[in-house]
Amino acid sequence: MSVLDLAREEIRAMQPYSSARMEASGGQVLLNANESAWVPNGDDGLGCNRYPEPQPAALIHALATLYGMREDQVLVGRGSDEAIDLLVRAFCRAGQDAILIQPPTFGMYAVSARIQNAGVIEVPLVDDFTLDVDAVLAAVTSAVKLVFVCTPNNPTGQTVSRGQIERLARALTGRALLVVDEAYVEFADQGSVADLIDDHDNLAVLRTLSKAWALAGARIGCLLANGAVIALLRRIMAPYPLPLPCVAAALAVLSPQGQATAREHLAVVRAQRVVMREAMLKLPGVQAVLPSQANFLALRFDDAGAVYRRLLDAGIVVRDVRRYPNLGDALRITLGTPEENARVLAVLDGGAA
Ligand code: PMP
C-alpha cells in the first residue's frame, strides 16, 4: 500500500490545471499567457509583468539544501498554513474523514478541517502538556487520515521526542499521514525529524520562514514529504501561489549573509528565553511559566485578564490564550528584542512601561 492510497480518490484522478508559465523554457517570445509585454513601473528587475513559476526552481533548491531534502520532497506555498489546507483538502473527504489533533495546539489544523467539513478528533496533551502516544494511537479510527503533531507546540512550547515521532510514524503506516509541524524547531534544542521521511512514506514535516527567518510578511512555508505526496499536492495548489517579490525576499534571507543574520537573532531569542523565564517566575501574580523550546513563553497568572489589560494599556499586545483547553488563566508572550522584553517585565512587575 502506498501513502497515496490514503488520499482522496477524485484528487488522484483529476487532471490538474496546466499553467502557461510551464510551457516556456526561457529566451522565447512569450505570447501564451495574456500577460503585458511591458515591465511595470517600480519593478526593480523582478519582471512582474510575467506570471511567476508555480514552484520557483531557485527557491526549491535553496529550501531543499537548507532542510537536507531532495527537491522532489519539497512543496513551497503561502506559509505553512497553505500546506495544512492543501493536506486536508487532498486527504479528507467532506463529511467522512477526519484529522486528529492534541489540544491545546495551533488552531489552523481544526479550522482547515472544518472548512473542508472533515471531522476533528481531539486527544488532549496530558497534564504537563506532553503527548500521550498510546492515547493518540487508540483514537485513530479508519476515518482519521491526518494526525497533526506540533513540536515545539504552540501555545505550550514543549517538544515531542524523535522516538515518539518514529513510534507514531511506524504505527500509522498504511493508516494515516503523520504531519509534524516544526514551525518553531529552529528555536529548540532538538533538531528536525525530516530525515525520517526517507524511511516513512507517511511522514510529512511543515517548516516556515515566518518565525526564525523573520519573514512572516512574505508568507513562505514548506511541506517536506515523500515525493508522491508532494506531487499530489502540486496538482491541487493555486496556479501561481508565490509572488515574485516574496520569492526574492526568501532568497535574500537564505543567502549566506541572510543566514548569518538569522542565526544572530536566533541566539538572542534563545538567551532571552532563559532570562525572561527566570525573571517572570519571580514576579507577583505569576503562577507558572511553562518551559518553552519556542520563541514565546506561556504563563499562568492569578488573573490573566487583568494582566492582559495592563500590558495593553502600556502599549504591549500579547496573546490571550485563556480560550485554549487546559491552559488555565494563561497568556502567551512572544520573545521580542531585549528592550521590548524589559518593558514586558516592568509592566508585569507592576511598574510603568
Ligand atoms: N504552525 C504553527 C505551529 C504556527 O504557530 C504557525 C503560525 N502561527 C503556523 C504553523 C503558520 O505559519 P505560516 O506563517 O508559515 O503560515
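### Digging into the overall build of the protein chain
- Scanning the protein chain from terminus to terminus reveals eleven helices and eleven strands.
- Here the C-alpha atoms of the protein chain give a radius of gyration of 22 Å, agreeing with the 20 Å that 2.2 N^0.38 yields for 353 residues.
- For the protein chain, the C-alpha atoms occupy an extent of roughly 70 × 55 × 30 Å along the three principal directions.
- Taken over 353 residues, the protein chain has a buried fraction of 49%.
- Expressed as a percentage of contacts within the protein chain between residues at least 6 apart in sequence, the contacts between residues at least 24 apart total 68%.
- Looking at the protein chain, you have 32 positive and 38 negative side-chain charges, and the mean spots of the two groups are 2 Å apart.

### Remarks on helix 10 (residues 304–313)
- Among the residues making up helix 10, those that are buried are Ala304, Gly305, Val307 and Leu311. Considered in projection along helix 10, the buried side chains sweep an arc of 165° and stay on one side of the axis.
- With its phi angle positive at about 85°, glycine 315 sits one or two positions after the end of helix 10.

### Some points on the environment of valine 344
- Take valine 344: it is sitting in helix 11 (residues 338–348).
- By relative accessible area, which is 5% here, valine 344 ends up buried.
- C-alpha of valine 344 to C-alpha of isoleucine 333: the two residues are eleven residues apart in sequence and 8.9 Å apart in space.
- Setting aside residues up to four positions removed in sequence, valine 344 forms contacts with Met276, Met280, Leu311, Ile316 and Ile333.

### Some points on the packing of aromatic side chains
- Taken as a whole and assessed by the stated rule, the structure comprises four aromatic pairs.
- Measuring from centroid to centroid gives 4.5 Å for tyrosine 109 and phenylalanine 148, while their planes differ by 15°, and the two rings are stacked. Highlighted residues: tyrosine 109 in helix 4 (residues 108–115) and phenylalanine 148 in strand 4 (residues 144–150), separated in sequence by 39 residues.
- For tyrosine 109, a relative accessible area of 1% puts it in the buried group.
- Between tyrosine 184 and phenylalanine 296, the aromatic rings sit 5.1 Å apart at their centres with planes inclined by 85°, giving edge-to-face as the arrangement. Pair noted here: tyrosine 184 is in the loop between strand 5 (177–181) and strand 6 (203–208) and phenylalanine 296 is in strand 9 (residues 296–301), with a separation of 112 residues, a long-range link.
- We classify tyrosine 184 as buried; its relative accessible area is 6%.

### Some points on the domain arrangement of the protein chain
- Here the protein chain is described as being made up of domain 1 (3–19 + 54–254) and domain 2 (258–348).
- Taking only C-alpha atoms into account, the centre of domain 1 sits 27 Å from that of domain 2.
- Each partner contributes residues to the interface: domain 1 has 26 residues there, and domain 2 has 22 residues.
- Summed over both sides, the interface between domain 1 and domain 2 buries roughly 1,800 Å², with carbon and sulfur atoms accounting for 59% of that surface.
- Looking at the side of domain 1 facing domain 2, the largest losses of area belong to Phe129, Pro155 and Phe187, adding up to 33% of the total buried there.
- For the pair domain 1 and domain 2, the interface holds one salt bridge.
- With its nearest N and O atoms 2.9 Å apart, the salt bridge here joins aspartate 189 to arginine 270.
- Our enumeration of links across domain 1 and domain 2 arrives at nine residue pairs in polar contact (both at pLDDT 80 or more).
- Of the residues contributing to the side of domain 1 that touches domain 2, the split by class is 16 nonpolar, eight polar and two charged.

### Focus: the pattern of salt bridges
- For the coordinates displayed, the defined rule picks out 16 salt bridges.
- In this structure, the salt-bridge partner of aspartate 198 is arginine 70, at a minimum N-O distance of 3.6 Å. Here aspartate 198, found in the loop between strand 5 and strand 6, pairs with arginine 70, found in the loop between helix 2 (57–67) and strand 1 (74–77); they are 128 residues apart in sequence, far enough to count as distant.
- When its relative accessible area of 56% is taken as the criterion, aspartate 198 is described as exposed.
- Arginine 70 sits in the partly exposed class, given a relative accessible area of 44%.
- A salt bridge links aspartate 195 to arginine 162; its shortest N-O distance comes to 2.6 Å. Residue aspartate 195 is found in the loop between strand 5 and strand 6, and its partner arginine 162 is found in helix 6 (residues 162–172); the two are separated by 33 residues along the sequence.
- The network of salt bridges with common partners includes Arg70, Asp72 and Asp198.

Quick notes on the rules
Residues numbered from 1 in each chain as written. Predicted model: local features only at pLDDT ≥ 70, side-chain atom pairs only at ≥ 80, totals over all residues. Heavy atoms only, no water. Helix = DSSP H or I, 4+ residues; strand = E, 2+ residues; numbered from the N terminus. Rg over C-alpha atoms; globule rule 2.2 N^0.38 Å. Buried < 20%, exposed > 50% of the residue type's maximum accessible area, 1.4 Å probe, protein only. Contact = heavy atoms within 4.5 Å. Lys, Arg positive; Asp, Glu negative; His and termini not counted. Charge placed at Lys NZ, Arg CZ, Asp CG, Glu CD. Arc of directions from axis to C-beta. Phe/Tyr/Trp six-rings, centres within 6.5 Å; stacked < 30°, edge-to-face > 60°. Domains from an automatic or database assignment. Buried area = accessible area lost by both parts, 1.4 Å probe. Salt bridge = Lys/Arg side-chain N within 4 Å of Asp/Glu carboxyl O. Polar contact = N/O pair within 3.5 Å; in protein donor to acceptor, adjacent residues only side chain to side chain. Nonpolar A, V, L, I, M, F, W, Y, C, P; charged D, E, K, R; others polar.

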